[in-house]
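Observations on chain architecture
Spelled out from the first residue to the last, the chains are:
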Amino acid sequence: MPKTLEGQITMEKTPSYFVTREAPARISAMSRDTKLIVVVRDPVTRAISDYTQTLSKKPDIPSFESLTFKNRTTGLIDTSWSAIQIGIYAKHLDNWLQYFPSEQILFVSGERLISDPAGELGRVQDFLGLKRIITDKHFYFNQTKGFPCLKKAEGSSKPHCLGKTKGRTHPNIHPEVVQRLRDFYRPFNMKFYQMTGRFFGWDD
Ligand SMILES: Nc1ncnc2c1ncn2[C@@H]1O[C@H](COP(=O)(O)OS(=O)(=O)O)[C@@H](OP(=O)(O)O)[C@H]1O
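Residues numbered from 1 in each chain as written. Predicted model: local features only at pLDDT ≥ 70, side-chain atom pairs only at ≥ 80, totals over all residues. Heavy atoms only, no water.

1. Points about the pairing of strand S1 (residues 36-40)
- In S1, alternate side chains face the same way, and those of Leu36, Val38 and Val40 are buried while those of Ile37 and Val39 on the opposite face are not.
- Where S1 lies against strand S4 (residues 105-109), five bridges are found, and the strand directions are parallel. If you follow Val38 over to S4, its bridge partner there is Phe107. (Buried < 20%, exposed > 50% of the residue type's maximum accessible area, 1.4 Å probe, protein only. Helix = DSSP H or I, 4+ residues; strand = E, 2+ residues; numbered from the N terminus. Pairing = 2+ DSSP bridges.)

Below, the structure written as structure tokens:
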């Protein structure tokens, strides 16, 4: 990471850091003051989204159902499958809390980022000690994309939506499989709500 001058903020984005065992120690050794931001969404939808992304690159992979279960009859879930493993947020957070105080970590709700992008970005700006420059007036809902988009991209006067790889249509997953996954994640989600002090509402 480059050295950060007075009045600057250096940012870096790598989704896999959150689930990489060695990352907290390494980042802490680089700078203990680093502020960490993690976007989390319902781990069941996250797993399906993850699968959808892999499927778009490798159309021949087995079905979501067959990757989810070690044994379909007993309903035993394959927690070694990364799409499942990554959603056990409480476990990953435990690892980070060995190195960083919880005040230094902000969890952004992936669901709220879609339903209220300005609100979530307001929290991000506060967390980073920035003035709330980005507000409601910067977003509009794009019917075609089905997501909020920026009215003007940075350095341009044109609207800007995220690219085609964001907001893909997910395959239909059998409701029984979804329910089994909901039951699997519930205790981990409860622990995560407790640890973060925020109720993300994934278990309604
Ligand atoms: N404004 C806006 N436009 C489009 N997409 C949006 C937006 N806000 C959040 N999302 C959600 O972002 C999801 C993709 O982000 P990823 O986490 O996969 O990104 S990354 O690969 O980790 O960089 C993507 O997940 P999928 O819907 O499963 O594709 C979106 O639901």
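Now that the structure has been shown, the text picks up again.
2. A few points about the UniProt feature "binding site: 3'-phosphoadenylyl sulfate" (unreviewed entry) in the protein chain
- Residues annotated in UniProt with the feature "binding site: 3'-phosphoadenylyl sulfate" (unreviewed entry) correspond here to Arg41, Ser49, Lys166, Gly167, Arg168, Thr169 and His170.
- Mapped onto the fold, Arg41 is located in the loop between S1 and helix H2 (43-57).
- Those residues in contact with Arg41 that lie beyond four places of it in its chain are Arg46, Ser49, Tyr89, Gly110, Glu111, His170 and Trp202.
- There is a polar contact of 3.3 Å between the side chain of Arg41 and the side chain of Ser49.
- Following the sequence through the fold, Ser49 ends up in helix H2.
- Residues within four places of Ser49 in sequence aside, it is in contact with Arg41 and His170. (UniProt positions renumbered as here; feature names shortened; annotations may be inferred. Contact = heavy atoms within 4.5 Å. Polar contact = N/O pair within 3.5 Å; in protein donor to acceptor, adjacent residues only side chain to side chain.)

3. A word on the pattern of salt bridges
- All chains considered together, the criterion is met by nine salt bridges.
- For Arg198, the salt bridge is made with Glu120, and the minimal N-O distance between the two is 3.0 Å. Linking Arg198 in the segment after helix H8 (175-196) with Glu120 in helix H7 (residues 117-127), this pair joins segments that are 78 residues apart in sequence.
- We note a salt bridge from Asp183 to Arg186, for which the minimum N-O separation is 3.1 Å. Of this pair, Asp183 and Arg186 both sit in helix H8, three residues apart, which is roughly one turn of the helix.
- Beyond isolated ion pairs, a larger network of salt bridges with shared partners links Glu120, Arg123 and Arg198. (Salt bridge = Lys/Arg side-chain N within 4 Å of Asp/Glu carboxyl O.)

4. Digging into the state of the cysteines
- The full count for this structure, using the stated rule, is one disulfide.
- Paired by a disulfide, Cys149 and Cys161 hold their sulfur atoms 2.1 Å apart. Looking down the S-S bond of the Cys149 and Cys161 bridge, the torsion is 105 degrees, so its handedness is right-handed. Remark: Cys161 occurs in the loop between strand S6 (147-150) and H8 and Cys149 occurs in strand S6; sequence separation between them is twelve residues.
- With relative accessibility at 2%, the residue Cys149 sits in the buried group. (Disulfide = S-S within 2.5 Å.)

5. With respect to the side chain of Glu120
- Look at Glu120 and you get buried, because its relative accessible area is 3%.
- At 3.0 Å, the side chain of Glu120 and the side chain of Arg198 are in polar contact.
- Every residue in contact with Glu120, bar those within four places of it in the chain, is listed here: Val108, Ser109, Arg112, Leu113 and Arg198.

6. Side note on the environment of Arg46
- Summarising the element assignment, Arg46 is placed in helix H2.
- For the pair Arg46 and Pro62, spaced 16 residues apart in the sequence, the C-alpha separation amounts to 18 Å.
- Look past the residues within four positions of Arg46 in its chain and what remains in contact with it is Arg41, Ser82, Ala83, Ile86, Gly87 and Tyr89.

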